[in-house]
Amino acid sequence: MPAEARVPEEMEKIKIGYAPTRRSIFSAPDAIKYRGLIADKLRELGVDFVEINDINKEGLLYDDADREKIAEKFKKEGIDGLFIPHCNFGTEYECARLAKDMGVPVLLWGPLDERPEPDGTRLRDTQCGLFATGKVLRRFRVPFTYMTNCRVDDPEFARGIRDFLAVCNVVRTFKHIRILQISTRPFDFWSTMCNEGELLERFNIQLSPIPMPELTDEIRKVKEEGTEVRQVEEQIRSQWDIQVSDEALENVAALKVAMEHLVKKYGCQAVAIQCWNQLQSEIGIMPCAANSLMNDEGIPVVCETDIHGAITALIVEAAAMDKKRSFFADWTIRHPDNPNGELLQHCGPWPTSVAGEKPVLTEPLAFDYPGSLTAEAQHGLVTLARFDGDNGEYYLLMGTAKAVDGPKGKGTYLWVEVDNIKRLEAKLVEGPYIHHCVGIHEDVVPVLYESCKYIGVIPDLYDPIEEDVKAYLRGE
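Now for a quick tour of the structure. Only a predicted model underlies this, so the values are computations on that prediction, with no experimental measurement involved. (Residues numbered from 1 in each chain as written. Predicted model: local features only at pLDDT ≥ 70, side-chain atom pairs only at ≥ 80, totals over all residues. Heavy atoms only, no water.)

For the protein chain, the helix and strand inventory stands at 15 helices and 19 strands. Taking 476 residues into account, the globule formula puts the C-alpha radius of gyration at 23 Å, and the protein chain, at 25 Å, falls close to it. Counting only C-alpha atoms, the protein chain reaches 85 × 50 × 40 Å along its principal axes. For the protein chain, the residues scored as buried account for 59% of the 476 residues in total. (Helix = DSSP H or I, 4+ residues; strand = E, 2+ residues; numbered from the N terminus. Rg over C-alpha atoms; globule rule 2.2 N^0.38 Å. Buried < 20%, exposed > 50% of the residue type's maximum accessible area, 1.4 Å probe, protein only.)

Set out below in structure tokens:
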């Protein structure tokens, strides 16, 4: 089944609260007119939104008693974001009170003002009101996203709405993360240690740790039952070139089914697995291929019990609205010919949906056990990101790269070119990052950057493109 079809139904739609606002001294009829025009455009764009037409006859936010009713309705509807278009100047303190009460991402925008009337009369003064509301939101310490003052039919409007929905998806995902941790981190990987208590206290990120025997017990159970394992074996035969024994193939399928069961049992969205070395001696395979199957179904599985890597995978896929799969990679070696080239590689866990060729189920580089995929990933533009932290501070490293040709590799791999490899290399070494990153075949850097203001993480661009990202978000 294609990866997109595996996205959980509840993640397909972001619901926003639509609270258009006006101010009494400007034209109420024009404000009502624009309330309708904006709502029509949102419907045209396929946005799921909650209106307030039942709160007052104008369907507008301008009164404190109505604001309380609006907040109650939005909370009952479970909105993921709040859209406050200024249909004339707007009532800035009501906007700020509502935004503070809701605690979700806020989109601030207003339609471009018309030419003044022949006698000099101005009907709306929307831009002026946006200046006022922005200041009051800051006083209330409410983070918000600003979409440039434009017309409803301008391309900046549609793009800004889509990006805001993606930001809401990242925030919703980040605030409800639960990760299945299979065993401890490998002893040698001090770099992947994390502060479980701090992740819970700061971000509500929960871990569900289980010991290795719980996984192996589940593998034994699914093998005895057999039906699901055989189905996965058939799936594998249909999409990979098999170069392992039937016993190894069965173990790959059984591991996948076992992880799937445990993810469901503990209510998790991702997995961090101790992929070596004890696991191999327990079940006789590398887990990479089973990880690949899970990854293709929208349940990221990362290696070496890298909790921060699992967090990264979830938010990167959320930034792409869960419509594309990510891949978990090592920064490994410089390109032998390209001065700004680098090899992204891992033993073989990348989803088939990102492969540029038919994957081969075989043995990985540096290990003697079967159960790994070999395939070069698709070329194109990729976003590369890493959530990480230490000493009480958390960052999100992000940037883009383009795929380039390079020597044949083992495992799942992709040669990429960045703007300045020396600058990136220094940032990775000096931290707080490690050799792991998550990639996705889409430019989601602006969405990730904007999301950071809502999740309490410091954005860190590995190229000096911050002004370009801000310009994009402004609608330039």
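Moving on from the model shown.
With that out of the way, let us pick up the sheet that holds strand β6 (residues 178–182). Read from one edge to the other, the open sheet built from four strands follows the order β7-β6-β9-β10, with strand pairing classed as parallel. With one partner strand each, in any of the chains shown, β7 (206–210) and β10 (301–302) form the two edges of the open sheet. Sheet analysis places β6 next to strand β9 (residues 270–273), joined by four bridges and oriented parallel. The residue bridging isoleucine 179 from the neighbouring strand is alanine 270, located in β9. (Pairing = 2+ DSSP bridges.)

Taking strand neighbours across the sheet as the criterion, the five strands line up as β2-β1-β3-β4-β5 in an open arrangement whose pairing is parallel. Edge strands, defined here as strands with exactly one partner in the open sheet, are β2 (48–50) and β5 (145–146). By the bridge criterion, two bridges tie strand β4 (residues 106–109) to β5 in an arrangement that is parallel. Its bridge partner being in β5, leucine 107 is matched across the sheet by threonine 145.

Following glycine 431, the chain continues to proline 432 via a peptide bond in cis, the omega torsion being 15 degrees. Its location among the elements puts proline 432 in the loop between α13 (421–430) and β18 (436–440). For serine 183, which is not glycine, the phi dihedral falls at a positive 70 degrees. Tracing the chain through its elements places serine 183 in the loop between β6 and α6 (196–203). In this structure serine 183 comes out as buried when scored by relative accessible area, which is 14%.

Bringing the packing of helix α2 (residues 64–77) against helix α3 (residues 92–102) into the picture now. At a minimum axis distance of 10 Å, the contact between α2 and α3 shows a crossing angle of 30 degrees. The orientation of α2 relative to α3 falls into the category roughly parallel. Relative to α3, α2 is oriented so that their crossing is right-handed. Between α2 and α3, the residues in contact are Asp64, Arg67, Ile70, Ala71, Phe74 and Lys75 and Glu94, Arg97, Leu98, Asp101 and Met102, respectively. Its residues assigned to classes, the contact of α2 with α3 comprises five nonpolar, no polar and six charged. (Axes fitted to C-alpha atoms, helices over the stretch in contact; angles between N-to-C directions. Parallel < 35°, antiparallel > 145°, perpendicular 65-115°, else oblique. Left-handed = near helix turned anticlockwise from the far one by under 90°. Contact = heavy atoms within 4.5 Å. Nonpolar A, V, L, I, M, F, W, Y, C, P; charged D, E, K, R; others polar.)

Our next topic: the pattern of salt bridges. Enumeration over the complete set of coordinates arrives at 32 salt bridges. Here aspartate 306 and arginine 386 are joined by a salt bridge, their closest N and O atoms 2.6 Å apart. Here aspartate 306, found in the loop between β10 and α12 (307–319), pairs with arginine 386, found in strand β15 (residues 381–390); they are 80 residues apart in sequence, far enough to count as distant. Exposure remark for aspartate 306: the relative accessible area of 0% places this residue in the buried category. For arginine 386, a relative accessible area of 2% gives the class buried. Each of the salt bridges in this network shares a partner with another, and the network as a whole consists of Asp64, Arg67, Glu94 and Arg97. (Salt bridge = Lys/Arg side-chain N within 4 Å of Asp/Glu carboxyl O.)

Ile38, Phe83, Phe174 and Leu215 are the most contacted members of the largest nonpolar core, which has 111 residues in total. Here the element with the most residues in this core is helix α9 (residues 246–266); it accounts for eleven residues. Here isoleucine 38 is in contact with Tyr18, Phe83, Pro85, Cys87, Trp109, Val152 and Phe157, once residues within four sequence places are set aside. Listed in part, the 24 residues of the second largest apolar core include Ile52, Ile79, Leu98 and Phe144. (Core = buried A, V, L, I, M, F, W, Y, C linked by side-chain atoms within 4.5 Å.)

A few words now on the environment of glutamine 274. Position of glutamine 274 relative to the elements: it lies in the loop between β9 and α10 (278–283). Glutamine 274 sits 92 residues away from isoleucine 182 along the chain, and the two C-alpha atoms are 6.1 Å apart. Sequence-distant contacts of glutamine 274, that is, excluding residues within four places in its chain, are made with Ile182, Ser183, Thr184, Arg185, Pro186, Met212, Leu279 and Thr305. At a separation of 3.0 Å, a polar atom in the side chain of glutamine 274 contacts the main-chain carbonyl oxygen of threonine 184. (Polar contact = N/O pair within 3.5 Å; in protein donor to acceptor, adjacent residues only side chain to side chain.)

This part is about the packing of aromatic side chains. If you walk through the whole model with that rule in mind, you get twelve aromatic pairs. Judged by centre distance (6.5 Å) and plane angle (50 degrees), the ring pair of phenylalanine 83 and phenylalanine 157 falls under tilted. Here phenylalanine 157 lies in helix α5 (residues 155–174) and phenylalanine 83 lies in strand β3 (residues 81–85), a separation of 74 residues in the sequence. Overall, the relative accessible area of 0% leaves phenylalanine 83 in the buried class. Residue phenylalanine 157 is classed as buried on the basis of its relative accessible area, which comes to 0%. Here the aromatic rings of phenylalanine 189 and tryptophan 276 are separated by 5.4 Å at their centres, their planes lie at 85 degrees, and the arrangement is edge-to-face. With phenylalanine 189 in the loop between β6 and α6 and tryptophan 276 in the loop between β9 and α10, this pair connects stretches of sequence that are 87 residues apart. Given the relative accessible area of 11%, phenylalanine 189 is considered buried. (Phe/Tyr/Trp six-rings, centres within 6.5 Å; stacked < 30°, edge-to-face > 60°.)

Right, let's talk about the side chain of serine 292 for a bit. Along the chain, the position of serine 292 falls in helix α11 (residues 288–296). Among the polar contacts made by the side chain of serine 292, one reaches the main-chain carbonyl oxygen of tryptophan 350 at a distance of 2.7 Å. Serine 292 has contacts with Trp240, Gly348, Pro349, Trp350, Pro351, Thr352 and Leu373, leaving out every residue within four places of it along the chain.

Across all of its chains, the model carries zero disulfides by this definition. No disulfide involves cysteine 150; its sulfur sits 13 Å from the nearest other cysteine sulfur, which is in cysteine 87. Cysteine 437 forms no disulfide, and the closest cysteine sulfur to it belongs to cysteine 303, at a distance of 12 Å. (Disulfide = S-S within 2.5 Å.)

With respect to the element layout, glutamate 58 can be found in the loop between β2 and α2. Given a relative accessible area of 11%, glutamate 58 falls into the buried group. Filtering out sequence-adjacent residues up to four positions away, glutamate 58 remains in contact with Arg22, Ile32 and Arg35.

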